[in-house]
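Chain residues, written in single-letter form:
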Amino acid sequence: MADAALRRTVGLPTAAWLESPVPASRFILRGAAAARAAAGQGFGLPLPETACRAATDGNRAALWLGPDEQLLLAPDGEVDSIEAALARALQGHAHSLVDVSHRQVGIGIHGPHAEWLLEAQCPLPLNLRAFPVGMCTRTVFGKAEVVLWRPAEQVFRLEVWRSFATYVVELLREIERESAA
Amino acid sequence: MLLIQCPYCGPRPELEFAYAGQAHVARPADPSATTPDQWTEFLYLRNNTRGIHAERWRHVRGCARFFNALRDTTTDHFLATYRAGEPMPVLPMGQKP
Ligand SMILES: [Zn+2]
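Computed from a predicted model, the values in this text were never measured in an experiment.

Asker: If you had to explain the overall build of chain B to someone new, which residues and values would you point to?
Answerer: Scanning chain B for helices and strands turns up one helix and six strands. Shown N-terminal to C-terminal, the secondary structure of chain B runs as helices and strands in the order β-β-β-α-β-β-β. For chain B, the spread of C-alpha atoms along the principal axes amounts to about 45 × 30 × 20 Å. Burial analysis of chain B (97 residues in total) assigns 37% to the buried set. Intrachain contacts of chain B at a sequence separation of at least 6 include 43% that bridge at least 24 residues. Entry remark: accessible area of chain B is about 6000 Å², with carbon and sulfur atoms responsible for 52%. In chain B, 11 side chains carry a positive charge and 9 a negative one; their mean positions are 6 Å apart.

Asker: Give a description of the interface of chain B and chain A that names residues and reports values.
Answerer: At the interface, 13 residues of chain B touch 16 residues of chain A. Between chain B and chain A, roughly 1000 Å² of surface is buried when both sides are summed, and carbon and sulfur atoms account for 58% of that area. In terms of surface lost to chain A, no three residues of chain B exceed Arg12, Arg61 and Arg65 of chain B, which account for 45% of the buried area on that side. At the junction of chain B and chain A, the tally comes to three salt bridges. For glutamate 69 of chain A, the salt bridge identified is with arginine 65 of chain B, shortest N-O distance 3.0 Å. Scanning the region where chain B abuts chain A turns up seven residue pairs in polar contact (both at pLDDT 80 or more). The residue makeup of the side of chain B that touches chain A, split by class, is eight nonpolar, one polar and four charged.

Asker: Tell me about the coordination of the zinc ion, residues and numbers included.
Answerer: Residue and element names in this part refer to chain B. Within the protein, Cys6 (SG), Cys9 (SG), His59 (ND1) and Cys63 (SG) serve as the donor atoms for the zinc ion, at 2.0 to 2.4 Å. Here the zinc ion is ringed by four donor atoms whose angles at the metal span 104 to 115°, and the overall shape comes out tetrahedral. Each donor residue of the zinc ion lies on one chain, and together they are spaced C-x2-C-x49-H-x3-C. Of this pair, cysteine 9 sits in the loop between β1 (3–6) and β2 (10–13) while cysteine 63 is found in the loop between β4 (52–58) and β5 (66–72), placing the two residues 54 residues apart along the sequence. The exposure class of cysteine 63 is buried, given its relative accessible area of 0%.

Asker: So what about the nonpolar core? Which residues, and what values?
Answerer: Most often, soluble globular proteins have nonpolar side chains that are buried together. One finds Ile107, Ile109, Leu118, Phe141, Leu158, Val168 and Leu172 of chain A to be the most contacted residues of the largest nonpolar core, which totals 40 residues. Among the secondary structure elements, those contributing two or more residues to this core are β7 (104–110), α4 (114–119), β9 (144–152), β10 (155–161) and α5 (165–180) of chain A together with β1 and β5 of chain B. Per-element accounting of this core gives the leading share, six residues, to α5 of chain A. For isoleucine 109 of chain A, the contacting residues outside a window of four places in its chain are Trp17, Leu18, Ala114, Leu118, Gln154, Val155, Phe156, Leu158 and Leu172 of chain A. Formed by 16 residues, the second largest nonpolar core is a distinct cluster that contains Leu29, Ala35, Ala62 and Leu72 of chain A.

Asker: Run through the layout of surface pockets, naming residues and quoting values.
Answerer: Of the pockets and cavities examined, the largest pocket occupies roughly 270 Å³. In terms of lining, the largest pocket is formed by 16 residues, of which the most central are Leu124, Ala130 and Met135 of chain A together with Pro11 and Arg12 of chain B. The class makeup of the residues in the lining of the largest pocket is 14 nonpolar, no polar and two charged. In this structure, the second largest pocket encloses a volume near 200 Å³. Taken together, 14 residues line the second largest pocket, and the ones lying closest to its centre are Asn59, Ala61, Leu73, Trp149 and Arg157 of chain A. Elements that contribute at least two residues to the lining of the second largest pocket include exactly β4 (60–66), β5 (69–75) and β9 of chain A. For the lining of the second largest pocket, the per-class residue count stands at nine nonpolar, three polar and two charged.

Asker: Tell me about the environment of alanine 38 of chain A, and please be specific about residues and values.
Answerer: All names here are of chain A. Relative to the helices and strands, alanine 38 is located in helix α2 (residues 33–43). With relative accessibility at 13%, the residue alanine 38 sits in the buried group. Discounting residues that sit within four places of it in the chain, alanine 38 has contacts with Ala89, Leu90 and His93.

Asker: Before we move on, could you go through unusual backbone geometry and cite the residues and values that matter?
Answerer: All names here are of chain B. Here the phi dihedral of alanine 64 falls at roughly 70°; this positive angle occurs in a residue that is not glycine. Although it is not a glycine, aspartate 76 sits at a positive phi angle of roughly 65°. Relative to the helices and strands, aspartate 76 is located in the loop between β5 and β6 (77–83).

Asker: Give me the packing of α2 of chain A against helix α3 (residues 79–89) of chain A: which residues, what numbers.
Answerer: Residues and elements named next belong to chain A. One can describe the packing of α2 onto α3 by two numbers: an axis separation of 8 Å at closest approach and a directional angle of 140°. It follows that α2 is oblique to α3 by the angle criterion. Crossing geometry of α2 relative to α3 is assigned as right-handed. Taken together, the residues of α3 that come into contact with α2 (itself represented by Ala38, Ala39, Gly42 and Phe43) are Ile82, Ala85, Leu86 and Ala89. Its residues assigned to classes, the contact of α2 with α3 shows seven nonpolar, one polar and no charged.

Rules and cut-offs
Residues numbered from 1 in each chain as written. Chains lettered and ligands numbered in written order. Predicted model: local features only at pLDDT ≥ 70, side-chain atom pairs only at ≥ 80, totals over all residues. Heavy atoms only, no water. Helix = DSSP H or I, 4+ residues; strand = E, 2+ residues; numbered from the N terminus. Buried < 20%, exposed > 50% of the residue type's maximum accessible area, 1.4 Å probe, protein only. Contact = heavy atoms within 4.5 Å. Areas by Shrake-Rupley, 256 points an atom, 1.4 Å probe, with all protein chains shown as cover. Lys, Arg positive; Asp, Glu negative; His and termini not counted. Charge placed at Lys NZ, Arg CZ, Asp CG, Glu CD. Buried area = accessible area lost by both parts, 1.4 Å probe. Salt bridge = Lys/Arg side-chain N within 4 Å of Asp/Glu carboxyl O. Polar contact = N/O pair within 3.5 Å; in protein donor to acceptor, adjacent residues only side chain to side chain. Nonpolar A, V, L, I, M, F, W, Y, C, P; charged D, E, K, R; others polar. Donors = N, O, S within 2.8 Å, 3.2 Å for Na, K, Ca; no water. Tetrahedral: all angles 85-135°; square planar, octahedral: opposite > 155°, others 65-115°. Core = buried A, V, L, I, M, F, W, Y, C linked by side-chain atoms within 4.5 Å. 1 Å grid on protein atoms, 1.4 Å probe; cavity = no way out; pocket = protein on both sides within 12 Å on 5 of 7 lines; lining within 4 Å. Points joined across faces, edges and corners; volume = space filled by probe spheres on them. Axes fitted to C-alpha atoms, helices over the stretch in contact; angles between N-to-C directions. Parallel < 35°, antiparallel > 145°, perpendicular 65-115°, else oblique. Left-handed = near helix turned anticlockwise from the far one by under 90°.

Keep in mind that these numbers describe shape and distance, not what the molecule does.
Here is the structure:
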């Protein structure tokens, strides 16, 4: 947390540590184990079955959000093709697949201070032992619900519902400003 | 911050959770054969335990799943958490809600 001593020692990111939201194709998949396995085939990436872990392959990612809930991420413009592929793969499986591409925005935070900036308003410990590379989870940041994912040691990605995005970004900037004092 | 053991995610901060009332309150299996008194009991009457209470919680800002917990209402100590549908665990000291 942002105590005075830490502020002095940590120094501050002045460079571009904040990646502006990039459009993406996003789906929420709900289904039992058999449906998830089939969806993995259709998505081209076995969905993670371990709690709070993400699976990636190239520019696609699947994030474990709950025992029967996955967030699927892919580059912008692939909604239709993914939807078609998953519909084929999931035939005969009870499931729900919802396009949430425009419901939320992805915010990237990177650099040596990323972990520290996020810890200022996130109740989870984000050190590498507690929150290793590849971990993802829904949690809170300030007063906003977010999905937090750590694709690399100094890279975090926040998936935030669209109407909370400005709040989250401004809060991050405020943490930066306050710590600079 | 108080940590609560989510049966799916592991120990997580209290503020990710929501309380969801007493656990193991079963809806009457045969509604048409259920008397108004039985409905009243099902809908409104709850224990007001001083001590160990079986209750539902939801990891709403996490995996979003409901689960059950045994919590001591005098100390706020969680003795056990378990998945919905699982039987109430036997506590090591034999305590019961
Ligand atoms: Zn959980």
